[in-house]
Amino acid sequence: MICPNCRSKDVGKIGVNQYYCWGCFIEMSLSNGLISTHQVEEDGSLSSLDDLFEEQDRRFTM
């Protein structure tokens, strides 16, 4: 998997269909071939970053 934000391949799996980018520190989830991106806030909650990316950039391709 390549991070849609920083294009890094340094992405680790943290759960079922959940990933974390060590390049830019965002969390991603994969559902129906579409990557959802989230910023982890100080209190541990997640804020969506999906509005920053075009849908074609969020498509998961092997």
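Residues numbered from 1 in each chain as written. Predicted model: local features only at pLDDT ≥ 70, side-chain atom pairs only at ≥ 80, totals over all residues. Heavy atoms only, no water.

The next point concerns the sheet that holds strand β1 (residues 11–15). Taken in spatial order, the five strands of this open sheet run β1-β2-β3-β4-β5, and their pairing is antiparallel. Each edge of the sheet is formed by a strand with only one pairing partner; in this case those strands are β1 and β5 (46–48). Geometrically, the sheet is characterised by an average inter-axis angle of 35° between neighbouring strands, direction not taken into account. Relative to strand β3 (residues 26–31), strand β2 (residues 18–21) is paired through three bridges, and the arrangement is antiparallel. For glutamine 18, the partnering residue across the bridge sits in β3 and is serine 29. (Pairing = 2+ DSSP bridges. Helix = DSSP H or I, 4+ residues; strand = E, 2+ residues; numbered from the N terminus. Axes fitted to C-alpha atoms, helices over the stretch in contact; angles between N-to-C directions.)

The next thing to look at is the environment of asparagine 17. Here asparagine 17 lies in the loop between β1 and β2. Put simply, asparagine 17 and phenylalanine 60 are 43 residues apart on the chain and 12 Å apart in space, counted from C-alpha to C-alpha. In this structure asparagine 17 touches Met28, Ser29 and Leu30, once residues within four positions along its chain are discounted. (Contact = heavy atoms within 4.5 Å.)

This next bit is on the side chain of arginine 58. Along the polypeptide, arginine 58 turns up in the segment after β5. If near-sequence neighbours (up to four positions away) are discounted, arginine 58 is found in contact with Gly33, Leu34, Ile35, Ser36, Asp50 and Phe53.

This brings us to the pairing of β2. On a regular strand, one side chain projects to one face of the sheet and the next to the other, so that they alternate. One ladder, built from four bridges, connects β1 with β2; its direction is antiparallel. Within β2, the position partnered with glycine 15 by the bridge is glutamine 18. Between β1 and the antiparallel strand that follows it, β2, lie two residues; asparagine 17 among them carries a positive phi value of about 60°. Count of turn residues in the β2/β3 antiparallel hairpin: four residues, of which phenylalanine 25 carries a positive phi of about 65°.

Once that is clear, we can look at the state of the cysteines. All told, the structure shown has zero disulfides when counted by the stated rule. Free of any disulfide, cysteine 6 has its nearest cysteine sulfur in cysteine 21, 3.6 Å distant. Given the relative accessible area of 33%, cysteine 6 is considered partly exposed. Owing to a relative accessible area of 0%, cysteine 21 belongs among the buried residues under this scheme. (Disulfide = S-S within 2.5 Å. Buried < 20%, exposed > 50% of the residue type's maximum accessible area, 1.4 Å probe, protein only.)

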